[in-house]
Amino acid sequence: MKLRRSRIARLTAALFLAPIAIAPMLAPPAYAITVFDPSNYAQNVLQAARALQQINQQITQLQNEAQMLINQARNLASLPYSSLQQIQQSVQRTQQLLAQAQNIAFDVQKIDQMFSQKYGNVSLSATDSQLVADARSRWQNTVGGLQDAMRVQAGVVSNIDTNRAQMSALVGQSQGATGALQATQAGNQLLALQTQQLADLTAVVAANGRAQALTDAERAAAAEQGREQRRRFLTAGAGYQPGSAKMFYGNN
């Protein structure tokens, strides 16, 4: 009876110890256990931050390069406005007025030819009627020169309003230029406009000088012709013969 109880006690103890003995056999392998390493985690975070910083730097560099290309494109953009045609038209109008000079044109050979014929020494063999015709021709040249000068002056004055409009437009284009090339082109056109204005001023000075020269030449030729006519009068065969003159005063 005691032997039976002893066997039952041993069997009961074995049943209680069986799970403890089996437990190590059922535990998961070592590589399947998750282990948190704080230092490794911090290093990974630091590497990710550095990588993100590099990406941001690359993005910023690309943005700067894109902006640089945009600025270069602006600097190379041409000015969409040109005043060349209007400036050329103003110059052509002034040139046409100068080309329409009456009698004595702005030509060196023609001036020399006309002065040798009309403003040189009076020919001793010229008739009185020829002297009068030459004097009238010189007077017409002088009047024509004065008229030409006034026409050139009127043409230059008419260009002032056009020049004002062009100057306003070019200054606006220069101030609104998007790049260096546009600003430079606007400045060049302003210089061209200034050159055209100087050309107008030169034309006025030339026309006025021509008119004044014709006036002075007419006076000099008239003085020379007067001396010749006085000589002829004094050397005439009959000379001056005094005579009586009768004056008429109304009905008296």
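Residues numbered from 1 in each chain as written. Predicted model: local features only at pLDDT ≥ 70, side-chain atom pairs only at ≥ 80, totals over all residues. Heavy atoms only, no water.

Quick word on the overall build of the protein chain
Within the protein chain, the regular secondary structure consists of six helices and zero strands. Per-residue burial over the protein chain gives 19% buried out of 252 residues. Long-range pairs, those at least 24 residues apart, make up 85% of the contacts in the protein chain between residues at least 6 apart in sequence. Within the structure as shown, the protein chain displays about 18,700 Å² of accessible surface, and the carbon and sulfur contribution to it stands at 60%. (Helix = DSSP H or I, 4+ residues; strand = E, 2+ residues; numbered from the N terminus. Buried < 20%, exposed > 50% of the residue type's maximum accessible area, 1.4 Å probe, protein only. Contact = heavy atoms within 4.5 Å. Areas by Shrake-Rupley, 256 points an atom, 1.4 Å probe, with all protein chains shown as cover.)

Details of the nonpolar core
With eight residues, the main nonpolar core is built from Leu97, Ala149, Val152, Val156, Ala203, Val204, Ala207 and Ala211. Only helix H5 (128-175) and helix H6 (180-234) provide two or more residues apiece to this core. Residue contributions to this core peak at four residues, all from H6. Those residues in contact with Val204 that lie beyond four places of it in its chain are Val152, Gln153 and Val156. Residues Ile104, Met114, Tyr119 and Ala217 belong to the second largest nonpolar core, which totals six residues. (Core = buried A, V, L, I, M, F, W, Y, C linked by side-chain atoms within 4.5 Å.)

A closer look at helix H3 (residues 84-99)
Between its first and last C-alpha atoms H3 spans 22 Å; for 16 residues at 1.5 Å apiece the expected length is 22 Å, and the two agree. Listed in full, the buried residues belonging to H3 are Ile87, Ser90, Thr94 and Leu97. Considered in projection along H3, the buried side chains sweep an arc of 90° and stay on one side of the axis. More than 90 degrees from the buried face of H3, the exposed residues found are Gln85 and Ala99. (Expected span 1.5 Å × (residues − 1). Arc of directions from axis to C-beta.)

Considering the packing of aromatic side chains
The geometry of two aromatic rings is summed up by the distance between their centres and the angle between their planes. Across all of its chains, the model carries one aromatic pair by this definition. When the centroid spacing of 4.5 Å and the interplanar angle of 25° are considered together, the rings of Phe115 and Tyr119 count as stacked. A relative accessible area of 29% places Phe115 in the partly exposed class. For Arg210, the ring lying beneath its charged end belongs to Phe106, and the centroid distance is 5.4 Å. (Phe/Tyr/Trp six-rings, centres within 6.5 Å; stacked < 30°, edge-to-face > 60°. Lys NZ or Arg CZ within 6 Å of the ring centre and 35° of its normal.)

A short note on the pattern of salt bridges
Scanning the model with the defined rule gives seven salt bridges in all. Here Arg231 ties to Glu228 by a salt bridge, and the two come within 2.5 Å at their closest N and O atoms. Of the two residues, Arg231 and Glu228 both sit in helix H6, three residues apart, roughly one turn of that helix. Classification of Arg231 by relative accessible area gives partly exposed; the value is 37%. Accessibility expressed as a relative area gives 6% for Glu228, which makes it buried. Notably, a salt bridge pairs Glu228 with Arg232, separated by 2.8 Å at the nearest N-O pair. Taken together, the residues Glu228 and Arg232, both in helix H6 and four residues apart, mark about one turn of the helix. Here the two residues Glu228 and Arg232 agree in accessibility, since each one is buried. The network of salt bridges with common partners includes Asp128, Glu228, Arg231 and Arg232. (Salt bridge = Lys/Arg side-chain N within 4 Å of Asp/Glu carboxyl O.)

Concerning the packing of H3 against H5
H5 packs onto H3 with a crossing angle of 175° between their chain directions and a minimal axis gap of 10 Å. Considering the angle they form, H3 stands roughly antiparallel to H5. Here H3 contributes Gln86, Ser90, Arg93, Thr94, Leu97 and Leu98 to the contact with H5, which in turn contributes Arg151, Val152, Gly155, Asn159, Thr162, Asn163 and Gln166. The residue inventory of the contact of H3 with H5, partitioned by class, reads three nonpolar, eight polar and two charged. (Axes fitted to C-alpha atoms, helices over the stretch in contact; angles between N-to-C directions. Parallel < 35°, antiparallel > 145°, perpendicular 65-115°, else oblique. Nonpolar A, V, L, I, M, F, W, Y, C, P; charged D, E, K, R; others polar.)

Regarding the packing of H5 against H6
Relative to each other, H5 and H6 sit at 170°, their axes nearing to 9 Å. If you check the angle between H5 and H6, you find them roughly antiparallel. Between H5 and H6 lies a crossing whose hand is left-handed. Partitioning the contact of H5 with H6 into residue classes produces 20 nonpolar, 17 polar and seven charged. (Left-handed = near helix turned anticlockwise from the far one by under 90°.)

Description of the confidence of the model for the protein chain
Of the residues in the protein chain, 79% reach a pLDDT of 70 or more, and the chain-wide mean stands at 81. The secondary structure element of the protein chain with the lowest average pLDDT is helix H1 (residues 2-26), at 54, and the one with the highest is H5, at 92. (pLDDT = per-residue confidence, 0-100.)

A word on the environment of Leu79
Tracing the sequence through the fold places Leu79 in the loop between helix H2 (38-76) and H3. Measuring from C-alpha to C-alpha, the distance between Leu79 and Gln182 comes to 4.6 Å, with 103 residues separating the pair along the chain. Among all residues touching Leu79, those that are not within four sequence positions of it are Gln173, Gln182, Gln185, Ala186 and Gln189.

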